[in-house]
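# Chain and residue survey
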Number of protein chains: 2
Amino acid sequence: MSRHLPQVNDVPALDAEITDIDAYMTQLGQAARQAATQMRRETTGRKNAALQAIARHLEAARADLLAANARDLERGRESGLDAALLDRLALDEARLDAMIEGLGQVAALPDPVGEIDGLRARPSGIQVGQMRVPLGVIGIIYESRPNVTVEAASLCLKSGNACILRGGSEARDSNAAIAACLRAGLAEAGLPDAAVQVVATTDRAAVGRLIAMPEFVDVIIPRGGKSLIERISAEARVPVIKHLDGVCHVYVDASADLDKALAIAVNAKTQRYGTCNTMETLLLDAAIAEALLPRLVAAYAEHDVELRGCARSRAIAAELAEAEEADWAAEYLAPILAIRVVDGVDAAMAHIDRYGSHHTDAIVTENYGLARRFLAEVDSSSVMVNASTRFADGFEYGLGAEIGISTDKLHARGPVGLEGLTTRKYVVLGDGHTRG
Amino acid sequence: MSRHLPQVNDVPALDAEITDIDAYMTQLGQAARQAATQMRRETTGRKNAALQAIARHLEAARADLLAANARDLERGRESGLDAALLDRLALDEARLDAMIEGLGQVAALPDPVGEIDGLRARPSGIQVGQMRVPLGVIGIIYESRPNVTVEAASLCLKSGNACILRGGSEARDSNAAIAACLRAGLAEAGLPDAAVQVVATTDRAAVGRLIAMPEFVDVIIPRGGKSLIERISAEARVPVIKHLDGVCHVYVDASADLDKALAIAVNAKTQRYGTCNTMETLLLDAAIAEALLPRLVAAYAEHDVELRGCARSRAIAAELAEAEEADWAAEYLAPILAIRVVDGVDAAMAHIDRYGSHHTDAIVTENYGLARRFLAEVDSSSVMVNASTRFADGFEYGLGAEIGISTDKLHARGPVGLEGLTTRKYVVLGDGHTRG
């Protein structure tokens, strides 16, 4: 075993040592493709053993991890990173605990690989079903948070994929120290080193190459701001699982229970401001706007939420600032809310269709038919009745873990867990069958 | 109703009348997007009524359809189209029968839209499930066969999508005549005209625009030769469901029943030559090559199949021509077969992984463990045990219909039926639930 056990200080080559980025990335790609072939065959038991071994290596390396992170933070402060970015970059004992616990949680999840659905006999006599299998090689591009390195690695590993991880350059030392633990854990469990590879150069050309190697990489998952994701999507020559905006709505119908509406509207906006499933626009049916809006204004005032309303809502509540056209399409990610009075569910759905981002939208109603219509007709990755948009989350949905939330329609839509990192192939069982 | 009923001769504007291609395609895109919103709400009954109405209009327009097709054929002969292309372009009473019957078959299929899977209560009290919904707007780009116009329209319609169809310019008049029947059928059933739109210009710029309107088009499905599909995939700014090569293998293991192996190997190669699921390379375990190869040579001789072998197979059967490296990756689509002797299942799987196209691969074996390994480890859209690769087909698999076979890993893999034209969104049912 000692042969396989690199020391945590055995960090990968840093920038200066990697001069030919294309050759380096090609080498990672080839190794990943080879590892993916082996990973397809691995048992759940061995994959779980690797997750547990990685957890032990992280536990043993706490001091080294914090020291590496301190170097990143120091460099970050020197280069003038803002406080929010430094916070995302920082590791502490609690964040290490969460990383280590997360590995145990992923190990405890059911393994989706190998599951066969719908195996049925056909008139010809063959049996046909669909088997869930790993996607192959997954490239993940993210920003400053070093815990993403562990999260992404654990989900790819459990789903039988090889992955190439490219974190933010500001987390270089932290990611290198984590990478050493990942390698040590993989080796201890007898899995190929290249099942998880952390890109060891901060050169941006590495990203350009990673997203343009369809021969080695099956899918790219960018995690980060909208501009990062748009740039990657535009340039990728590999399919991308995207997560763009969350311009989420709550529509309160005339048929709503106003107490529920108040609770949902407040929770959807204020439970957390910076998340993609936070409500950004509240739509009020004209029939209940007068009854509900003053109560909402009072509730939001307690949370210091800035309210921007249409003319009809301002006629009811003069405290509202005037909303401009751009407000209806805004993803504030802040204590700001746009409010619009509409005439019934059709106007609400038309507004959502026009201005929304098809992420998560909710109706508050006690009317069975309207609930049914809203669920069927609103074209968003999550559609809700009488629930806060904040529930749109892999953990709340029971996926056990989440690599991201997809705003794409193809493949995975909404929160993406282990299943979203797999695909299904057809399996055909015969006994010498030929086609007539 | 008469207001809605265009005459078959009321064909769309032809090239000369469409000067601004961008504006024209934008107009189709906008109309399709609007129609898609309406189509999401339509009942199965009304969609089926439209399919049946289209069938009646095609039936009534037989003479017009054949006349339009005769004009296309005439123009095709004048411009020197080859016989194979003219055959694909040609309509006759039997092909019209098949088109009309196909509509009835699609009407009889279960509607995938609205199905909710796995609705379960979560600890928070919300219920979460996944509802199958239309993709939205589908762009289909194909070549000369006019029956694809009806097939594609019927599958998109049944799955609740709007579609924009762009057929080959050589089928211009046939497609225009079919388009009139489609519009008449949609109108009769009260569905929006723009649910199915046939591009009425043969200008190639229309394709360039169709694949670059993500605001109006959700997915592009190209049907045609590899070069068409590669070009579209490279240039598209919209997700593409691709169907590239079928370099399919049959591997006969030492543990095979040789009679079954012979039957499968002959069927997989000779039942049809031009299809993507036809076997192109036969891999023989060295342990049975001497026993089986002479029988295979005799059987293939009856079908005039040209055999190209590796050195080891030529040592057994001198009749074989010498295979070159390029033969292992060739999709012949012709009565030619590459044969290679390998040492066991690992060598076979390594060959398939290296040279195959991940389309359809089969093992012939009576060994339970090997069958299980081959099914799990071969990374192809269809993996088979003791069955001919020719079974890889939507109808044989029980999908009822097929828009194509996907060689992609994401979204749909293998034969794509109605389900592949849909996606799943999350639905969340609460009763005033908020996140804690």
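The shown structure was predicted, so the numbers you read here are calculated from the model rather than taken from an experiment. (Residues numbered from 1 in each chain as written. Chains lettered and ligands numbered in written order. Predicted model: local features only at pLDDT ≥ 70, side-chain atom pairs only at ≥ 80, totals over all residues. Heavy atoms only, no water.)

## Considering the sheet that holds strand β7 (residues 248-252) of chain A
Ordered in space as β10(A)-β9(A)-β11(A)-β8(A)-β7(A)-β12(A)-β13(A)-β16(B)-β2(B)-β1(B), the 10 strands form an open sheet in which the pairing is mixed. One side of each edge strand has no neighbouring strand; the edge strands of this open sheet are β10 (321-322) of chain A together with β1 (116-121) of chain B. Judged from the 5 bridges that link them, strand β8 (residues 279-285) of chain A and strand β11 (residues 336-342) of chain A form a sheet pairing that is parallel. The partner of Leu282(A) across the bridge, within β11(A), is Ile339(A). The sheet strands contacting helix α11 (residues 286-302) of chain A are β7, β8, β9 (306-309) and β11 of chain A, and the helix crosses β8(A) at an angle near 140 degrees. Across the sheet, helix α14 (residues 368-377) of chain A lies against β12 (360-364) and β13 (382-387) of chain A together with β2 (127-134) and β16 (422-433) of chain B, angled at about 160 degrees from β13(A), the strand it touches most. (Pairing = 2+ DSSP bridges. Helix = DSSP H or I, 4+ residues; strand = E, 2+ residues; numbered from the N terminus. Contact = heavy atoms within 4.5 Å. Axes fitted to C-alpha atoms, helices over the stretch in contact; angles between N-to-C directions.)

## A look at the relation of the copies chain B and chain A
The operation relating chain B to chain A is a screw motion whose rotation component is 180 degrees, with 0.0 Å of axial translation and a residual RMSD of 0.0 Å. On the angle and the small slide along the axis, the relation comes out as a two-fold axis. Using C-alpha coordinates, one finds that chain B approaches the rotation axis most closely at His411(B), a distance of 1.8 Å. Of all interface residues in chain B, 100% are interface residues in chain A too; the two copies therefore contact each other through one and the same surface. (Least-squares fit on C-alpha atoms with pLDDT ≥ 70 in both.)

## A word on the pairing of β16(B)
Where β13(A) and β16(B) come together, 5 bridges link them in parallel fashion. Across the sheet, the residue bridging to Ser382(A) is Tyr426(B), located in β16(B). Note that β2(B) and β16(B) share 8 bridges and pair antiparallel. Paired with Val133(B) across the strands is Thr423(B), a residue of β16(B).

## Structural notes on the sheet that holds strand β13 (residues 382-387) of chain B
In space, the 10 strands of this open sheet follow the order β1(A)-β2(A)-β16(A)-β13(B)-β12(B)-β7(B)-β8(B)-β11(B)-β9(B)-β10(B), with mixed pairing throughout. Two strands lie at the open edges of the sheet, namely β1 (116-121) of chain A together with β10 (321-322) of chain B, each paired on one side alone. Helix-sheet contacts for helix α14 (residues 368-377) of chain B involve β2 (127-134) and β16 (422-433) of chain A together with β12 (360-364) and β13 of chain B, and the interaxial angle to β13(B) is about 160 degrees.

## Quick look at the interface of chain B and chain A
Each partner contributes residues to the interface: chain B has 68 residues there, and chain A has 68 residues. Between chain B and chain A, roughly 5700 Å² of surface is buried when both sides are summed, and carbon and sulfur atoms account for 51% of that area. Area buried by chain B at its contact with chain A is led by Leu410(B), Tyr426(B) and Arg435(B), which between them contribute 16% of it. If you look at where chain B meets chain A, you find 12 salt bridges. Its salt-bridge partner being Arg41(A), residue Glu377(B) comes within 2.8 Å of it at the nearest N-O pair. When residues of the side of chain B that touches chain A are traced back to their parent elements, those giving at least two are α1 (21-39), β2, α10 (258-270), α14, β13, β15 (414-416) and β16 of chain B. Class assignment of the residues belonging to the side of chain B that touches chain A gives a composition of 27 nonpolar, 20 polar and 21 charged. (Buried area = accessible area lost by both parts, 1.4 Å probe. Salt bridge = Lys/Arg side-chain N within 4 Å of Asp/Glu carboxyl O. Nonpolar A, V, L, I, M, F, W, Y, C, P; charged D, E, K, R; others polar.)

## Focus on the packing of helix α2 (residues 44-60) of chain A against helix α6 (residues 147-158) of chain A
All names here are of chain A. Where α2 contacts α6, the axes come no closer than 9 Å and their chain directions differ by 160 degrees. By the angle between their directions, the pair α2 and α6 is classed as roughly antiparallel. Where α2 crosses over α6, the handedness of that crossing is right-handed. Residues Thr-44, Lys-47, Asn-48, Ala-50, Leu-51, Ile-54 and Leu-58 of α2 lie in contact with α6, whose contacting residues are Val-150, Ser-154, Leu-157 and Lys-158. A breakdown of the residues in the contact of α2 with α6 according to their chemical character gives 6 nonpolar, 3 polar and 2 charged. (Parallel < 35°, antiparallel > 145°, perpendicular 65-115°, else oblique. Left-handed = near helix turned anticlockwise from the far one by under 90°.)

## Thoughts on the side chain of Asn69(B)
Residues and elements named next belong to chain B. Of note, Asn-69 is situated in helix α3 (residues 62-78). Residue class for Asn-69 comes out buried when judged on its relative accessible area of 1%. Within polar-contact distance, the side chain of Asn-69 engages the backbone nitrogen of Leu-91 at 2.7 Å. Those residues in contact with Asn-69 that sit more than four places away from it in its chain are Leu-89, Ala-90, Leu-91, Pro-146 and Ser-174. (Buried < 20%, exposed > 50% of the residue type's maximum accessible area, 1.4 Å probe, protein only. Polar contact = N/O pair within 3.5 Å; in protein donor to acceptor, adjacent residues only side chain to side chain.)

## Remarks on the state of the cysteines
Per the counting criterion, the structure on display carries 0 disulfides over all chains. With no disulfide of its own, Cys310(A) lies closest to Cys248(A) among cysteine sulfurs, the gap being 20 Å. Here Cys156(B) stays free of any disulfide, with the sulfur of Cys163(B) as its closest cysteine sulfur at 4.1 Å. (Disulfide = S-S within 2.5 Å.)

## A look at helix α3 (residues 62-78) of chain A
Residues and elements named next belong to chain A. The first and last C-alpha atoms of α3 sit 24 Å apart over 17 residues, in line with the 24 Å expected at 1.5 Å per residue. Those residues of α3 that sit buried are Arg-62, Leu-65, Ala-68, Asn-69, Asp-72, Leu-73 and Gly-76. Down the axis of α3, the sector holding all buried residues measures 145 degrees, keeping them to one side. For α3, exposure combined with an orientation more than 90 degrees from the buried face picks out Ala-63 and Glu-78. (Expected span 1.5 Å × (residues − 1). Arc of directions from axis to C-beta.)

## A look at the pattern of salt bridges
Scanning all chains against the criterion turns up 74 salt bridges over all chains. Here Arg75(A) and Asp72(A) are joined by a salt bridge, their closest N and O atoms 2.8 Å apart. Here Arg75(A) pairs with Asp72(A), and both are found in helix α3, just 3 residues apart, close to one helical turn. Close ionic contact of Glu188(B) with Arg56(B) constitutes a salt bridge, the shortest N to O distance being 2.7 Å.

## Focus: unusual backbone geometry
Trans is the common state for peptide bonds, and a negative phi is the common state for residues other than glycine. Residues and elements named next belong to chain A. Here the phi dihedral of Asn-386 falls at roughly 55 degrees; this positive angle occurs in a residue that is not glycine. Along the chain, the position of Asn-386 falls in strand β13. Relative accessible area serves as the criterion here: at 4%, Asn-386 is assigned to the buried category. Residues other than glycine seldom take positive phi values, yet His-411 does so here, at roughly 60 degrees. Given the relative accessible area of 21%, His-411 is considered partly exposed.

## Some remarks on the pairing of strand β6 (residues 219-222) of chain A
Along any regular strand, the residues point their side chains to alternate faces of the sheet. Residues and elements named next belong to chain A. Burial of β6 is two-sided: the residues Val-219 and Ile-221 facing one way and the residues Ile-220 and Pro-222 facing the other way are all buried. With 4 bridges joining them, strand β3 (residues 137-141) and β6 adopt parallel strand pairing. Paired with Ile-140 across the bridge in β6 is Ile-221.

## Description of the domain arrangement of chain A
Under the domain assignment used here, chain A contains domain 1 (2-235) and domain 2 (248-391). Spacing between the C-alpha centres of domain 1 of chain A and domain 2 of chain A amounts to 38 Å. (Domains from an automatic or database assignment.)

## A word on the packing of aromatic side chains
Where two aromatic rings form a pair, the distance of their centres and the angle of their planes describe that pair. According to the stated counting rule, one finds 2 aromatic pairs over all chains in the structure shown. Note on Tyr397(A) and Tyr426(B): the rings are 4.7 Å apart at their centroids and 35 degrees apart in plane angle, and the pair reads as tilted. You can see Tyr397(A) sitting in the loop between β13 and β14 (404-406) and its partner Tyr426(B) sitting in strand β16, one on each of two chains. For the pair Tyr397(A) and Tyr426(B), a shared accessibility class is recorded, and that class is buried. (Phe/Tyr/Trp six-rings, centres within 6.5 Å; stacked < 30°, edge-to-face > 60°.)

## Here we look at helix α5 (residues 93-108) of chain A
All names here are of chain A. Along its 16 residues, α5 runs 23 Å from first to last C-alpha, staying within 8% of the 22 Å computed at 1.5 Å per residue. All buried positions along α5 are accounted for by Leu-96, Met-99, Ile-100, Gly-102, Leu-103, Val-106 and Ala-107. Buried residues of α5 fall within an arc of 145 degrees about the axis and therefore sit on the same side. Opposite the buried face of α5, at more than 90 degrees from it, the exposed residues are Ala-94, Glu-101 and Ala-108. Structurally, the start of α5 carries an N-cap: the backbone nitrogen of Ala-94 is 3.1 Å from a side-chain oxygen of Asp-92.

## As for the UniProt feature "domain: Aldehyde dehydrogenase" (unreviewed entry) in chain A
UniProt's entry tags residues 29-304 of chain A with the feature "domain: Aldehyde dehydrogenase" (unreviewed entry), counted in the numbering of this structure. This span, residues 29-304 of chain A, is 52% helix and 16% strand, and a straight line between its end C-alpha atoms measures 50 Å. (UniProt positions renumbered as here; feature names shortened; annotations may be inferred.)

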